[in-house]
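In case you want the letters, here they are:
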Amino acid sequence: MDLLELIIEYHKDNERQGPGSEEATLKALSYIPQLNEKSKVLDIGCGSGGQTITLAKNTAAQITAVDMLPQFLDQLQNNAKENNLINRITTKEMLMDGLTFDENYFDVIWSEGAIYNIGFEKGLSLWRKYLKANGYIAVSEISWLTDTRPEEIEQYWVNAYSEIDTIENKLSVIEKCGYTSVAHFALDDKCWIDNYYQPLLENAEAFLKKYNYADEVKEFVEAGKVEADLYNRFKDYYSYVFYIAKKK
Ligand code: SAH
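The following paragraphs examine the structure supplied in this document.

Calculation notes
Residues numbered from 1 in each chain as written. Predicted model: local features only at pLDDT ≥ 70, side-chain atom pairs only at ≥ 80, totals over all residues. Heavy atoms only, no water. Helix = DSSP H or I, 4+ residues; strand = E, 2+ residues; numbered from the N terminus. Contact = heavy atoms within 4.5 Å. Phe/Tyr/Trp six-rings, centres within 6.5 Å; stacked < 30°, edge-to-face > 60°. Buried < 20%, exposed > 50% of the residue type's maximum accessible area, 1.4 Å probe, protein only. Lys NZ or Arg CZ within 6 Å of the ring centre and 35° of its normal. Near = heavy atom within 4 Å. Polar contact = N/O pair within 3.5 Å; in protein donor to acceptor, adjacent residues only side chain to side chain. Areas by Shrake-Rupley, 256 points an atom, 1.4 Å probe, with all protein chains shown as cover. Salt bridge = Lys/Arg side-chain N within 4 Å of Asp/Glu carboxyl O. Expected span 1.5 Å × (residues − 1). Core = buried A, V, L, I, M, F, W, Y, C linked by side-chain atoms within 4.5 Å.

Points about the environment of alanine 80
Relative to the assigned elements, alanine 80 resides in helix 4 (residues 70–82). Separated by 27 residues in the primary sequence, alanine 80 and isoleucine 53 place their C-alpha atoms 6.8 Å from one another. If near-sequence neighbours (up to four positions away) are discounted, alanine 80 is found in contact with Ile53, Leu85, Ile86 and Ile89.

Here it is as structure tokens:
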């Protein structure tokens, strides 16, 4: 059983595959001028599409949602059907560093908890050309909330994602990549605990059982617990931060 299969099985039935909330999505959306039925939104690394559904329910826009995993896209399709949103959400299996859209096409690019897969700077640079002039981007990215932090958490994150940085430095990257920053805010506890770690931890026992408590599955679940524990101990020092910016 490979790690990717475990990741898919552990996460696919959840509403989201990373920290976030309907409130946070709506708050980010509030900084973007109102979208109409002609507006085109691209949701990158959409997962099972928690935020895609929120965007579709709260705008009139046409949304294209892309992810590399068809299992997550299937879940989003089901959710879109249940919510009667199938005519405004199109899913596409695609790599985020291999997008095949026309340039200057989208009014808004959205990406929650996903850009780190190719790196913040690379993602912002690569995706810019798909935005129309004055288009908006809204991305959430793990960031340091303070200038200094305990060694234990510094080590963990630098090892897990070396591009983690302070909000100030992330804002510089945004400018450097050809955008003007509009707003930013950190995700709250509910996004991390209630909506992300809690559902995973609640499912841990059933998940272990399903795989007959195989060692590699135990290790996988354990790594998730370690991450949740680190969050509880060090949440004053880091969070996902939502960055909203406009194409220069
Ligand atoms: N936006 C969703 C999912 C975040 S998890 C949410 O907030 O709930 C990150 C997502 O990025 C996963 O669905 C994963 O399949 C996808 N992903 C990871 N690397 C990718 C890549 N290179 N190209 C496209 N999608 C990728």
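There is more to say, and it comes next.
Looking at the packing of aromatic side chains
For the structure shown, the criterion picks out 22 aromatic pairs. Geometrically, the ring pair formed by tyrosine 156 and tryptophan 157 is edge-to-face, given 5.4 Å between the ring centres and 90° between the ring planes. Taken together, a centroid distance of 5.2 Å and an interplanar angle of 65° make the contact between phenylalanine 207 and tyrosine 211 edge-to-face. Residue tyrosine 211 is classed as buried on the basis of its relative accessible area of 13%. Three or more aromatic residues joined by ring pairs form one cluster here, namely Trp144, Tyr156, Trp157, Trp192, Tyr196, Tyr197, Tyr231, Tyr238 and Tyr240. The lysine or arginine in question, lysine 27, covers the ring of phenylalanine 185, its NZ or CZ lying 4.5 Å from the ring centre.

Some remarks on the site of the ligand
In the vicinity of the ligand, 18 residues are found, and the nearest of them are Gln17, Gly45, Asp67, Met96 and Glu112. Between the ligand and methionine 68 there is a distance of 3.3 Å, counted from a nitrogen atom to a backbone nitrogen or oxygen. Between the ligand and glutamate 112, the relevant distance is 2.9 Å, taken from a nitrogen atom to a main-chain nitrogen or oxygen of the residue. Burial of the ligand by the protein amounts to 92% of the accessible area it has alone, namely 570 Å².

Some details on the pattern of salt bridges
Tallying each qualifying case throughout the model produces 13 salt bridges. The shortest N-O distance in the salt bridge between lysine 210 and glutamate 9 comes to 2.8 Å. With lysine 210 in helix 8 (residues 189–210) and glutamate 9 in helix 1 (residues 3–11), this pair connects stretches of sequence that are 201 residues apart. With a relative accessible area of 22%, glutamate 9 lands in the partly exposed category. Of the charged contacts, one joins glutamate 112 and arginine 16 as a salt bridge, the two residues approaching to 3.8 Å between their closest N and O atoms. Of this pair, glutamate 112 sits in the loop between strand 4 (106–111) and helix 5 (120–127) while arginine 16 is found in the loop between helix 1 and helix 2 (22–29), placing the two residues 96 residues apart along the sequence. For glutamate 112, a relative accessible area of 9% puts it in the buried group. The buried category is assigned to arginine 16, whose relative accessible area is 6%. Within this structure, Glu152, Asp229 and Arg233 form a network of salt bridges that share partners.

Topic: helix 9 (residues 215–234)
Between its first and last C-alpha atoms helix 9 spans 28 Å; for 20 residues at 1.5 Å apiece the expected length is 28 Å, and the two agree. For helix 9, the full list of buried residues reads Val217, Phe220, Val221, Ala228, Leu230, Tyr231 and Phe234. For helix 9, the elements touching its buried residues are helix 1, helix 6 (151–160), helix 8 and strand 8 (238–247).

Notes on the side chain of arginine 149
Within the secondary structure, arginine 149 sits in the loop between strand 5 (131–144) and helix 6. Engagement of the side chain of arginine 149 in a polar contact is seen with the backbone oxygen of threonine 146, the distance being 2.8 Å. Polar side-chain contacts of arginine 149 include one of 3.0 Å to the side chain of glutamate 154. Dropping the residues within four chain positions of it, arginine 149 is found in contact with Trp144, Glu154, Thr166 and Tyr237.

Looking at the nonpolar core
With 83 residues, the main nonpolar core has Trp110, Leu124, Trp127 and Tyr238 as its most contacted residues. At 9 residues, the largest contribution of residues to this core is made by helix 8. Setting aside anything within four residues of it in sequence, one finds tryptophan 110 in contact with Thr25, Ala28, Leu29, Ile32, Val41, Leu42, Asp43, Ile44, Gln51, Leu55, Ala138 and Phe242.

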